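# Remarks on the overall topology
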Amino acid sequence: MPLLLKNKNLELQLDYPNEGYNSARFDWSGKITKVKFKSRSITGLERTDYKNDGFLGKGFYNEFGIDSALGFTDTEIGGWFHKIGVGLLKKKSGQYLFHEKYEIKPAEFKITPKPNSITFNCISELVNGYAYTLKKVVTLNESGFTIDYTLTNKGSKDIYTDEYVHNFMALDKALMGKGYVLNFPFALQPEKFGETLNPEQKVVIGTKGFGFNGTPNEQFFFSNLSGGEDVNATWELHHQESRIGICETGNFKTDKINLWGWRHVISPELFFSISIRSGESAKWSRTYKVYDLD
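Residues numbered from 1 in each chain as written. Predicted model: local features only at pLDDT ≥ 70, side-chain atom pairs only at ≥ 80, totals over all residues. Heavy atoms only, no water.

When you go through the protein chain residue by residue, the secondary structure sums to 0 helices and 24 strands. For 294 residues, the compact-globule formula gives about 19 Å, and the C-alpha radius of gyration of the protein chain, at 19 Å, lands near that figure. The principal-axis extent of the C-alpha atoms belonging to the protein chain is close to 50 × 45 × 35 Å. The burial tally for the protein chain puts 55% of its 294 residues in the buried class. Taking all contacts inside the protein chain whose residues are at least 6 apart in sequence as the whole, residues at least 24 apart take part in 64%. Total accessible area on the protein chain stands at roughly 13,000 Å², and carbon and sulfur atoms take up 46% of it. (Helix = DSSP H or I, 4+ residues; strand = E, 2+ residues; numbered from the N terminus. Rg over C-alpha atoms; globule rule 2.2 N^0.38 Å. Buried < 20%, exposed > 50% of the residue type's maximum accessible area, 1.4 Å probe, protein only. Contact = heavy atoms within 4.5 Å. Areas by Shrake-Rupley, 256 points an atom, 1.4 Å probe, with all protein chains shown as cover.)

If you walk through the whole model with that rule in mind, you get 26 aromatic pairs. Look at Phe145 and Tyr288: their rings are 4.7 Å apart centre to centre, the planes differ by 15 degrees, and that puts the pair in the stacked class. Placement of the pair is Phe145 in strand S12 (residues 144-153) and Tyr288 in strand S24 (residues 281-292), with a sequence separation of 143 residues. You'll find Phe145 and Tyr288 in the same group, each marked buried. By way of ring pairs, the aromatic residues Tyr21, Phe26, Tyr61, Phe168 and Trp260 are connected into one cluster. Lying across the ring of Phe72, Lys91 places its NZ or CZ 4.2 Å from the centre. One Lys or Arg, Lys256, reaches over the ring of Phe271 and ends 4.2 Å from the middle of that ring. (Phe/Tyr/Trp six-rings, centres within 6.5 Å; stacked < 30°, edge-to-face > 60°. Lys NZ or Arg CZ within 6 Å of the ring centre and 35° of its normal.)

Okay, the environment of Phe193 next. Relative to the assigned elements, Phe193 resides in the loop between strand S14 (180-183) and strand S15 (195-197). The class of Phe193 is buried, set by a relative accessible area of 9%. Separated by 35 residues in sequence, Phe193 and Gly228 place their C-alpha atoms 8.7 Å apart. Leaving out residues up to four positions away in the same chain, Phe193 has contacts with Leu188, Ile205, Phe210, Phe222, Ser223, Asn224 and Leu225.

A word on the sheet that holds S12. Across the sheet, 10 strands lie side by side as S9-S10-S11-S12-S24-S20-S19-S14-S17-S16; this open sheet has antiparallel pairing. Both edges of this open sheet fall to strand S9 (108-113) and strand S16 (203-205), since each of them pairs with a single strand only. On average, each strand axis in the sheet is inclined to that of its neighbour by 15 degrees, with strand direction left out of account. The sheet contact formed by strand S20 (residues 244-254) and S24 spans 7 bridges and is antiparallel. Residue pairing in the sheet places Gly250 in a bridge with Arg286 of S24. (Pairing = 2+ DSSP bridges. Axes fitted to C-alpha atoms, helices over the stretch in contact; angles between N-to-C directions.)

This part takes up the sheet that holds strand S21 (residues 257-262). Taken together, the 4 strands give an open sheet; going across it, the order is S15-S18-S21-S22, and neighbouring strands pair in antiparallel fashion. In the strand order of this sheet, the two ends are held by S15 and strand S22 (265-270), each with one partner. Taken over all neighbouring pairs, the strand axes of this sheet differ in orientation by 10 degrees on average, direction set aside. Both S15 and strand S18 (residues 220-223) contribute to a ladder of 3 bridges, which runs antiparallel.

Structurally, the position occupied by Asn167 is in strand S13 (residues 159-167). Asn167 sits in the buried class, given a relative accessible area of 0%. At 3.2 Å, the side chain of Asn167 and the side chain of Glu248 are in polar contact. There is a polar contact of 2.6 Å between the side chain of Asn167 and the backbone oxygen of Pro268. Non-local contacts of Asn167, meaning those with residues more than four positions away in its chain, are made with Gly59, Phe60, Trp235, Glu248, Ile266, Ser267, Pro268 and Tyr288. (Polar contact = N/O pair within 3.5 Å; in protein donor to acceptor, adjacent residues only side chain to side chain.)

Quick look at the pairing of S20 now. Counting buried positions over the 11 residues of S20 gives 8, a clear majority of the element. Here strand S19 (residues 231-239) folds back onto S20, and the loop between the two strands holds 4 residues, one of which, Arg243, carries a positive phi near 60 degrees.

Counting 84 residues, the largest nonpolar core has Leu12, Phe210, Leu225 and Ile246 as its most contacted members. Excluding residues that lie within four positions of it along the chain, Leu225 makes contacts with Phe184, Phe186, Leu188, Phe193, Phe210, Ile257, Asn258 and Leu259. (Core = buried A, V, L, I, M, F, W, Y, C linked by side-chain atoms within 4.5 Å.)

Here's what the structure looks like:
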């Protein structure tokens with residue numbers, strides 16, 4: 001039975017840490033699996049051709065350390081390293097791969113539900129000098145929701161990592177196509193992107209946003225959208241046919257923004273860079289608003 005936050009405009013469904021998704025990539029705390037706006041779905045799935053629900057991303061799932069998990073380089077093969085929000089993963093080779101199926105020792109999780117918010121606490125073991133606590137509070141607002149994070153370094157070694165939310169979205173279940181527009185608050189310079197994967201050329205890059213000239217049947221991906229410049233952490237997605245809009249705003253600047261999507265889903269990703277000394281904490285938040293287009 002999922003956790004539920006609901007008001008007249010929005011409904012959020014969240015899984016308990018030990019239910020639903022149980023793989024090694026996404027944070028198990030605060031897994032927002034579904035969001036409905038006035039009874040219309042705005043969330044989607046990572047894939048539609050794969051039936052293992054415990055392996056797939058969906059809704060609004062976040063991840064720490066997509067490029068290298070905490071303590072991975074300090075760990076010998078066969079040893080254990082941290083994946084923040086998941087637990088300990090067993091090292092299999094000299095290269096960390098976010099999509100690998102690692103053996104997992106889950107962290108300790110505690111949940112505190114309230115009428116308009118749910119607090120998740122993740123407590124790690126001390127391994128190889130690294131340990132942490134992660135507190136995540138998901139709060140339902142009148143026309144949106146906020147995710148507040150507090151990551152505290154409980155180990156002797158400094159923590160260097162990053163975090164982002166993989167926003168799996170499909171507004172009113174509509175396929176990607178001409179009705180969608182995704183905007184950013186800065187000028188796009190494709191020559192400064194880190195990677196461009198647009199095999200069918202169905203994703204159209206504008207001055208400050210992305211659109212479509214058709215429905216892509218293959219995955220698309222664009223990295224480093226700001227060209228490495230510090231910019232406001234925000235995006236805005238509109239779908240003209242359903243007349244729905246959604247935006248995400250972080251309370252931080254970011255120099256790393258990626259965009260991934262497929263025929264059935266789109267995901268802009270705002271990365272938050274994390275550097276925490278022993279005994280100290282980092283706090284940040286993300287606010288989502290969902291609204292009718294005028």
